[in-house]
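As a plain string of letters, each chain reads:
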Amino acid sequence: MPMAASEIERLITAAIPDAEVVIRDLAGDGDHYAARVVSRSFAGMSRIKQHQAVYAALGGRVGGELHALQLETAAPRTENLK
Amino acid sequence: MSDANARISEIVKGNDIVLFMKGTALFPQCGFSSRAIAILDRLGAKYETIDVLQDAEIRQGIKEYSDWPTVPQLYVKGEFVGGSDIMMEMFESGELQQLLGAEA
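In this text the structure is predicted, and so the values were computed from the model without any measurement. Every chain is numbered on its own, with residues counted from 1 as its sequence reads. Chains and ligands are labelled sequentially in the order written, the chains with letters from A and the ligands with numbers from 1. pLDDT decides what is reported in this predicted model: residues at 70 or higher carry local features, side-chain atom pairs at 80 or more are listed and counted, and totals for whole chains, interfaces and linings draw on all residues regardless.

Asks: Looking at this structure, I do not really get the overall build of chain B. What am I missing?
Replies: Under the scheme used here, helices are H or I runs from DSSP no shorter than 4 residues and strands are E runs no shorter than 2 residues, and both carry numbers assigned from the N terminus. Per the secondary structure count, chain B includes five helices and four strands. Moving toward the C terminus, one meets the helices and strands of chain B in the order α-β-α-β-α-β-β-α-α. For a compact globule of 104 residues, the expected C-alpha radius of gyration is about 13 Å, and chain B comes in at 13 Å, within 12% of that figure. In terms of overall dimensions, chain B has C-alpha extents of about 35 × 25 × 20 Å along its principal axes. Across the 104 residues that make up chain B, the buried fraction comes to 43%. Considering only contacts in chain B between residues 6 or more positions apart, those separated by 24 or more positions represent 64%. Each radius of gyration is computed over the set of C-alpha atoms, and the globule rule expresses the reference value as 2.2 Å times the number of residues to the power 0.38. Whether a residue is buried, exposed or partly exposed is read from the other C-beta atoms within 10 Å of its own C-beta, which are placed from the backbone; 20 or more gives buried, 12 or fewer gives exposed, and intermediate counts give partly exposed. Contact between residues is assigned whenever the C-beta positions, reconstructed from backbone atoms, fall within 7 Å.

Rendered as structure tokens:
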């Protein structure tokens, strides 16, 4: 069952309120997405923890109803450069 | 369940570089697994692969082992490194080369 990009974005920002979310539909089939998520809450977290935070926001849909989500996470650039 | 955990733990600790994937290195069954293999091959890494499609217990268990919902998953020296997106980021930044090179 495909998911709408807007629904993915809604779930992520519900759990990570300051997240800037950019979603691309890779195949145009509503089933293969790439998401870039930037949040201050990621500062100081390992990549694994950042991705886990997004997976948790999506509440078990990744790997199930949301088959393919290519994920890129980061803290805002100003945080990275300090 | 703890049985799967024990099996996975044994695999992860018994192989310096191991990729849990869908399919085999020669015939990956998923784009993400294929990408992970391409990265490892590009770096000339010597690695083991585990085809989760051949083993339902491991396919489910690996998601719980590292609290990570998807396959592929890369482990180096017993440590979970990440999925194919993290592998790609680390490849592009040179970190993965460093990590794998240090193990070779």
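Don't stop here, the text continues.
Asks: Even after reading the chapter, I still don't get the packing of helix α2 (residues 31-42) of chain B against helix α4 (residues 84-93) of chain B, so can you show me in this structure?
Replies: All names here are of chain B. Where helices are involved, their axes are fitted lines through C-alpha atoms of the stretch in contact, as for all axes, and angles between N-to-C directions lie from 0 to 180°. The contact between α2 and α4 brings their axes to 9 Å, and the two run at 30°. Relative to α4, α2 is oriented roughly parallel. Like other packed secondary-structure pairs, α2 and α4 cross with a definite hand, here left-handed. Taken together, the residues of α4 that come into contact with α2 (itself represented by F32, R35, A36 and I39) are S84, M87, M88 and F91. Under the grouping applied here, Gly and all other residues not named as nonpolar or charged are polar, the nonpolar ones being Ala, Val, Leu, Ile, Met, Phe, Trp, Tyr, Cys and Pro and the charged ones Asp, Glu, Lys and Arg. Of the residues assigned to the contact of α2 with α4, the class counts are six nonpolar, one polar and one charged. Throughout, the term roughly parallel applies to angles under 35 degrees, roughly antiparallel to angles over 145, roughly perpendicular to angles from 65 to 115, and oblique to all others. In this scheme, a crossing is called left-handed if the near helix is turned counterclockwise away from the far one by less than a right angle; it is called right-handed if the turn is clockwise.

Asks: Would you mind going over the nonpolar core with me for this structure?
Replies: Soluble globular proteins: nonpolar side chains tend toward being buried together. Buried Ala, Val, Leu, Ile, Met, Phe, Trp, Tyr and Cys residues whose C-beta atoms connect them within 7 Å together make up a nonpolar core. Formed by 30 residues in total, the largest nonpolar core has its most connected members in L19, A36 and M87 of chain B. Of all the elements in the fold, those that place two or more residues in this core are α1 (2-14), β1 (17-21), α2, α3 (56-65), β3 (73-76), α4 and α5 (95-103) of chain B.

Asks: Please explain the pairing of strand β2 (residues 48-51) of chain B as it appears in this structure.
Replies: Two faces, one strand: in a regular strand the side chains alternate between the faces of the sheet. Residue and element names in this part refer to chain B. Sheet topology places β1 next to β2; four bridges connect them, and they run parallel. Residue V18 lies in a different strand from β2, and its bridge partner there is E48. Throughout, right-handed denotes a crossover for which the path from the first strand over the helix to the second runs clockwise when the strands point away from the viewer. For the segment spanning β1, α2 and β2, crossover handedness is right-handed. At least two bridges found by DSSP between two strands are what make those strands a pair.

Asks: What exactly am I supposed to notice about the sheet that holds strand β2 (residues 32-38) of chain A here?
Replies: Strand pairing within a sheet occurs via backbone hydrogen bonds; the two strands may be parallel or antiparallel. All names here are of chain A. Pairing within the open sheet is mixed, and its three strands lie in the order β1-β2-β3. Lying at the two open borders of the sheet, with one neighbouring strand each, are β1 (20-25) and β3 (68-74). When the angles between neighbouring strand axes are averaged without regard to direction, this sheet yields 15°. The pairing of β2 with β3 spans seven bridges and is parallel. Within the sheet, the bridge partner assigned to R36 lies in β3 and is E72.

Asks: What's the story with the pairing of β3 of chain B in this structure? I'm lost.
Replies: Residues and elements named next belong to chain B. Side-chain alternation along β3 places Q73 and Y75 on one buried face and L74 and V76 on a second face that is also buried. Summarising the sheet, β1 and β3 pair through four bridges and their orientation is antiparallel. Paired with I17 across the two strands is V76, which belongs to β3. Across three bridges, β3 lies against strand β4 (residues 79-82) in antiparallel orientation. If you follow Y75 over to β4, its bridge partner there is F80.

Asks: Before we go on, may I ask you to explain the interface of chain A and chain B in this structure?
Replies: In many analyses, interface size is given as the accessible surface area lost on bringing the parts together. Between chain A and chain B, the residue contacts involve 10 residues of the former and nine residues of the latter. Contributing elements (two or more residues each) for the side of chain A that touches chain B: α2 (47-57) and β3 of chain A.

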